[in-house]
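Architecture and fold: a report
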Amino acid sequence: MKDSWRRLAERLGGRLAFQAPLRELTSFRVGGPARMLARPEDVGELQELLASARRERLPFIMLGGGSNLLFDDAGFDGLVIKLGAGFAGLEGAGSLVRAGAAAASADLLAWTVARDLGGLEGLAGLPGTVGGAVAGNAGAGPEGLGRAVTRLFVLEGDGRARSIPAADLNFAYRRLEGLPERAVILEAEFALTSRPAVEIRARLAEIRERRGGQPLGGRSAGCVFKNPPSISAGRLIDECGFKGQRVGGARVSEVHANFILAENGATASDILALIDRVRQGVLARRGLALELELKVLGPGGEVRA
Ligand code: EPU
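Remember, it's a predicted structure, so these values are computed and weren't measured experimentally. (Residues numbered from 1 in each chain as written. Predicted model: local features only at pLDDT ≥ 70, side-chain atom pairs only at ≥ 80, totals over all residues. Heavy atoms only, no water.)

Let's talk about the pairing of strand β13 (residues 184–191)
Burial analysis of β13 places six of its eight residues in the buried class, which makes it a mostly covered element. Sheet topology places strand β7 (residues 96–100) next to β13; five bridges connect them, and they run antiparallel. Directly across from Arg98, in β13, lies its bridge partner Glu189. Strand direction decides the pairing type here: strand β9 (residues 149–155) and β13, joined by six bridges, are antiparallel. When the bridges of β13 are listed, Leu155 appears paired with Val184. (Buried < 20%, exposed > 50% of the residue type's maximum accessible area, 1.4 Å probe, protein only. Helix = DSSP H or I, 4+ residues; strand = E, 2+ residues; numbered from the N terminus. Pairing = 2+ DSSP bridges.)

Digging into the site of the ligand
Close to the ligand lie 21 residues; Tyr173, Arg211, Cys223, Asn227 and Glu293 are nearest. At a separation of 2.7 Å, an oxygen atom of the ligand approaches a polar side-chain atom of Tyr173. Within the side chain of Arg211, an N or O atom sits 2.5 Å from an oxygen atom of the ligand. Coverage of the ligand by the protein chains reaches 77% of its 820 Å² of free accessible surface. Broken down by element, the shell around the ligand gets its largest block of residues, three residues, from helix α6 (residues 233–239). A per-class count over the shell around the ligand returns six nonpolar, eight polar and seven charged. (Near = heavy atom within 4 Å. Polar contact = N/O pair within 3.5 Å; in protein donor to acceptor, adjacent residues only side chain to side chain. Areas by Shrake-Rupley, 256 points an atom, 1.4 Å probe, with all protein chains shown as cover. Nonpolar A, V, L, I, M, F, W, Y, C, P; charged D, E, K, R; others polar.)

Let's talk about the packing of helix α1 (residues 3–12) against helix α2 (residues 43–55)
Following both chains from N to C, one finds α1 and α2 inclined at 160°, their axes separated by 10 Å at the closest point. Taken together, the axis directions place α1 and α2 in an arrangement best described as roughly antiparallel. When the axes of α1 and α2 are compared, the crossing they make is left-handed. The residues of α2 that touch α1, namely those facing Ser4, Trp5, Leu8, Arg11 and Leu12, are Gly44, Glu45, Glu48, Leu49, Ser52, Ala53 and Arg55. Of the residues contributing to the contact of α1 with α2, the split by class is five nonpolar, three polar and four charged. (Axes fitted to C-alpha atoms, helices over the stretch in contact; angles between N-to-C directions. Parallel < 35°, antiparallel > 145°, perpendicular 65-115°, else oblique. Left-handed = near helix turned anticlockwise from the far one by under 90°. Contact = heavy atoms within 4.5 Å.)

A word on the pattern of salt bridges
If you walk through the whole model with that rule in mind, you get 21 salt bridges. Taking the shortest distance from any N to any O, the salt bridge between Arg195 and Glu121 comes out at 3.5 Å. Linking Arg195 in the loop between β14 (193–194) and α5 (197–210) with Glu121 in the loop between β8 (117–118) and α4 (130–135), this pair joins segments that are 74 residues apart in sequence. In this structure, Glu291 and Lys226 form a salt bridge, with 3.9 Å as the shortest nitrogen-oxygen distance. Linking Glu291 in the loop between α7 (268–286) and β18 (295–297) with Lys226 in the loop between α5 and α6, this pair joins segments that are 65 residues apart in sequence. (Salt bridge = Lys/Arg side-chain N within 4 Å of Asp/Glu carboxyl O.)

Regarding the nonpolar core
Among the nonpolar cores identified, the biggest contains 55 residues, and Leu16, Leu79, Val134 and Phe190 are the most heavily contacted of them. Each of domain 1 (3–85) and domain 2 (88–212) accounts for three or more of the residues forming this core. Among all residues touching Val134, those that are not within four sequence positions of it are Leu145, Leu152, Phe171, Leu176, Ile185, Ala188 and Phe190. Counting 30 residues, the second largest nonpolar core, distinct from the first, contains Cys240, Ala266, Val282 and Leu294. (Core = buried A, V, L, I, M, F, W, Y, C linked by side-chain atoms within 4.5 Å. Domains from an automatic or database assignment.)

What about α2?
The terminal C-alpha atoms of α2, which comprises 13 residues, lie 18 Å apart, in line with the 18 Å expected from a rise of 1.5 Å per residue. Capping the start of α2 is the job of one residue whose side-chain oxygen sits 3.1 Å from the backbone nitrogen of Gly44: Asp42. Looking one or two residues past α2, Arg57 carries a phi angle of roughly 50°, positive in sign. (Expected span 1.5 Å × (residues − 1).)

So this is what it looks like as structure tokens:
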């Protein structure tokens, strides 16, 4: 082990682990180990981790709630960083709210609803963290929570902290563009609207009801594919007859065809093979090429499109 990692391991104690299992950190609960897994509690620790990774050209990824992510069976040959509770603060001044990247999306939503602030209702029923939700512009329907973001506080690749106004960012469908390469989201600021509690609760109920048609419980990672412009991917896959189809321990949900469930003994390869089968079938039958919404990471950190 290089000296810098040994020093970091001494400083972080059990919060820096080697050959660390990743499966318990994702909602699919599949995949191999990470070469290193770190849980920094403050910006200084995070800066040291990023500096060591950069010095040694070790790929790193930020892990949020792991609820939209598939690791390879070979794991990830790099550094996985999961921000600790020190990055999960929530604070507000009037209708401006700042949330730490590690805060649970559900906690942020509850915090805003308790203060009669509307604008984040699309987070209702979503697992995951604020950092992950912002990076993937998560939400209900095509519009994501990016609409409410006013600025992001990030650490840039060289370790410097910076605030990026929303005007420099583009929140597209389940995607955030405009972040400098290698930038790590630390906090997001949202501009919300004071609204009567009954209105907010009615909107939440509406969104929860829409999600009623999705499989609850079970090991899944939400929608696997993005919706093509003209049709819901779930409907398309359903119409192509894929509900209930399996590869090994992976199965297309009977409740919503854009969900894949991992059952006993499922591997990442099973899920990937099922994804390929669905894609090929939909392309052959309907001429539409489905794009992944799920983030699929290869062992070297490469993202599968
Ligand atoms: N449908 C079927 N069969 C299915 C699934 C859906 O016929 O197996 C039909 C439904 O009956 C409905 C239509 O397709 O008429 C649309 O379905 P739904 O309302 O479930 O919405 P969706 O387009 O499939 C989108 C988001 C979800 C989000 C829901 C509700 C994407 C890819 N999906 O799903 O997001 O929860 O709207 O707001 O954008 C996610 O991001 O992981 C996710 C699940």
